[in-house]
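In case you want the letters, here they are:
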Amino acid sequence: MKNITIRDILRVTDGTPVFLAASEEAGDEEDIRESCLSREVKDISIDSRKIEPGDLFVPLLGENVDPNKFIPNVFPYAAASLTDWETDRIYPDPEQKAAAVLRGDLLIRVENTQTALEKIGAYIRTQYEPTVVGVTGSVGKTTTRRMIATALGSDRVVYETPGNLNSKIGIPITTSRMLDVPSEVAVLEMGIDRIGEMDIEYSIVRPEIAVVTMIGVSHIEYLGSKEGIRTEKLKIAGPDTVLFLNKDDPMLAELKEYSGAKEIWYYGISSEADYHAEDLTLGNDGYAFTFVHGDLRVPVALPVLGRHNVRNAVVALAICDYLGLDVKKAAEALGSFSGLRQLVNRRGDGAVIINDAYNASPDSMKAALEVLTDFQTEGRRIAVLGDMFELGPEEERFHREVGEQFAAYEVDQLVTVGPLACALAREAVKARPGMEWLSFTDIEKAAEYLKENVTSGDTVIFKASHGMHFEKLSEDVLDNF
């Protein structure tokens, strides 16, 4: 948070400073006040256990605890702490309060700490002059964001979302750090799971360029319907935003006349897209294709699996072209891109495990099955699937719908864990007669089976929601590789 002082924080948040100096030992109150207001804030921390010198502590109300009660623990390291508690509630013990006075603890009382955090993030974003690219969608946000950053990085210094700071909490922290290291373009990931969150995130990020990857049913439990999800996701664009939409998604393909953005460009594999891929060829290490826009044709070798990743690469190159960068250099940069989610492990006898177990939704599960289908293998194609969560009251129907599409996928054996995955499998065996199906109640039994039965040349892919702990299942099987 370069050149940001406590005085700036007070002004931006409409906060009230609480100076605990109330004794002669603390010194002259006016001197203390000026010293406190001039303190520089180095960073924002929302975890009292991870305070670094100069941090601003922002206690955000959680499901089980209110971290305001940990404020005394952040001093003397913190520059200050926001709070929506009264002072006597924070320091109920007179001796504790006296110690705070001597230390020079500084509290900034605000009406709501989350809202104050958002105001800080929005303020620092206004100080950032280069172009900001925002990325959202039900599936593929992180990989798309990383591909865009990689492509832009061939010619520009890029700032991008660190880690998984892509929520209404993470985004203002992300923008608060935009000025710390000089950059020439920023790529920020914007995720939502509640109605109204994108309004808040857009007010902070205000992207000049925005990407919507796909409209699926992730978080439909809270967002109501696919139409509702689309409405919320499209709020990433304002009247001054150039919007890139996935032409291969029927929910987005019909929006050419959408009036909520300055311009709309379509990308995808479909030749109807403004920016698209042609001449796709598949190897076991990824795709080769030609990036096409008008008369522009650029060869691309993408070392990651999945046709959905071809789309991600296309939009990355499309943004480079829109910004006037050298698309050939950007394509070369994508040639060294490393996938975030899918890890491919090969055994000496030709057996392969594709670990795509990080999380799952119906769309990402279909993408995983597509990867398995496209993968060249000498043995069986084995799909290990688990339950998908946060799909609302119609969760079983969404699982069945994935199963109903199994005729489109080359799967020799289906291994499921969980009751919802069983509902998927019952439809899958109808759609794909002759496919073997095995069901397990827990990942330990599934691991035992797979360790004993994955044979030479087999290819196995893992996919389930994070709560199914499939990362442990895949690691257990890998230990036997």
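Here we summarise the structure given alongside this text.

Basis of the calculations
Numbers given for residues are sequential positions, taken from 1 along each chain in its written order. Totals for whole chains, interfaces and linings use all residues, but because this is a predicted model, local features are given only for residues with pLDDT of at least 70 and pairs of side-chain atoms are given and counted only at 80 or more. Side-chain metrics in this entry use all non-hydrogen atoms of the structure; hydrogen atoms and water are not considered. Only protein chains enter the accessibility calculation, which uses a 1.4 Å probe; a residue whose area is less than 20% of its type maximum is buried, one above 50% is exposed, and one in between is partly exposed. A run of H or I in DSSP counts as a helix once it spans at least four residues, and a run of E counts as a strand once it spans at least two, with each numbered from the N terminus. Strands are labelled as partners when DSSP assigns at least two bridges between them. To define axes, lines are fitted to C-alpha atoms, for helices over the stretch in contact only, and angles between the resulting N-to-C directions are given on a 0 to 180 degree scale. Contact between two residues is taken to exist if any of their heavy atoms lie within 4.5 Å; hydrogens are not considered. Positive charges are assigned to Lys and Arg, negative charges to Asp and Glu, while His and the chain termini are left out of the count. Salt bridges, as used here, are contacts in which a Lys or Arg side-chain nitrogen is within 4 Å of a carboxyl oxygen on Asp or Glu. Stacked, edge-to-face and tilted are the three classes for Phe, Tyr and Trp ring pairs, Trp counted by its six-membered ring, which pair at centre distances within 6.5 Å; planes under 30 degrees apart are stacked, over 60 edge-to-face, the rest tilted. The criterion is that NZ of a Lys, or CZ of an Arg, lies within 6 Å of the ring centre and within 35 degrees of the ring normal, and then a charge sits over that ring. Here, nonpolar core means buried Ala, Val, Leu, Ile, Met, Phe, Trp, Tyr and Cys residues that are tied together by side-chain atoms lying within 4.5 Å of each other.

Most of strand 10 (residues 242–246) sits out of view: 5 of its 5 residues are buried. Covered by surrounding structure in strand 10 are Val-242, Phe-244 and Asn-246 together with Leu-243 and Leu-245, the residues of both alternating faces. Note: strand 9 (residues 209–212) against strand 10, 4 bridges, orientation parallel. Within the sheet, the bridge partner assigned to Val-211 lies in strand 10 and is Phe-244.

This next bit is on the sheet that holds strand 19 (residues 436–440). Think of a sheet as strands paired side by side through backbone hydrogen bonds, with each pair either parallel or antiparallel. Read from one edge to the other, the open sheet built from 6 strands follows the order 15-16-20-17-18-19, with strand pairing classed as mixed. Where the open sheet ends on each side, the last strands, each with one partner, are strand 15 (343–346) and strand 19. Recorded for the sheet is a direction-independent mean angle of 15° between the axes of neighbouring strands. Bridging between strand 15 and strand 16 (residues 352–355) involves 4 bridges; their strand directions are antiparallel. Looking at the pairing, Arg-346 lines up with Val-352 of strand 16. Most of the contacts of helix 17 (residues 419–431) go to strand 18 (residues 413–417), to which it runs at about 160°, and overall it touches strand 17 (381–386), strand 18 and strand 19.

Bringing the side chain of Lys-247 into the picture now. Note that Lys-247 resides in the loop between strand 10 and helix 12 (250–253). Buried charge without a partner: Lys-247 forms no salt bridge, and the closest opposite charge is Glu-272, 4.3 Å away. Filtering out sequence-adjacent residues up to four positions away, Lys-247 remains in contact with Ala-253, Tyr-266, Tyr-267, Ser-270, Glu-272 and Ala-273.

As enumerated under the stated definition, the model contains 6 aromatic pairs in all. Where Phe-406 meets Tyr-409, the ring centres are 6.0 Å apart and the plane angle is 90°; that geometry is what we call edge-to-face. Overall, Tyr-409 belongs to the buried group, its relative accessible area being 8%. In textbook terms, an aromatic cluster arises when at least three aromatic residues are bridged by ring pairs, as seen for Phe-244, Trp-265, Tyr-275, Phe-291 and Tyr-322. Lying over the aromatic face of Trp-85, Arg-89 brings its terminal NZ or CZ to 3.7 Å of the ring centre. Across the ring face of Phe-398, the terminal group of Arg-397 is positioned such that the distance to the ring centre comes to 4.6 Å.

Once that is clear, we can look at the pattern of salt bridges. Counted according to the given criterion, the structure contains 31 salt bridges. Glu-189 is the salt-bridge partner of Arg-145, the closest N and O atoms lying 3.0 Å from each other. You can see Arg-145 sitting in helix 7 (residues 141–152) and its partner Glu-189 sitting in strand 8 (residues 185–189), a full 44 residues away along the chain. Relative accessible area serves as the criterion here: at 2%, Glu-189 is assigned to the buried category.

Moving on, we get to the environment of Glu-221. Relative to the helices and strands, Glu-221 is located in helix 10 (residues 220–223). When the C-alpha positions of Glu-221 and Phe-389 are compared, they lie 9.3 Å apart, and in sequence the two are 168 residues distant. Those residues within four positions of Glu-221 in sequence are excluded, and the remaining contacts are Glu-390, Leu-391 and Gly-392.

Further remarks concern the nonpolar core. Leu-243, Leu-245, Phe-406 and Leu-414 are the most contacted members of the largest nonpolar core, which totals 57 residues. Of all the elements, helix 15 (residues 362–374) adds the most residues to this core, at 5 residues. Discounting chain neighbours no more than four positions away, the residues touching Phe-406 are Leu-369, Leu-385, Val-411, Leu-414, Leu-424, Ala-428, Ala-431, Arg-432 and Met-435. Residues Val-211, Val-242, Tyr-287 and Ala-316 belong to the second largest nonpolar core, which totals 38 residues.

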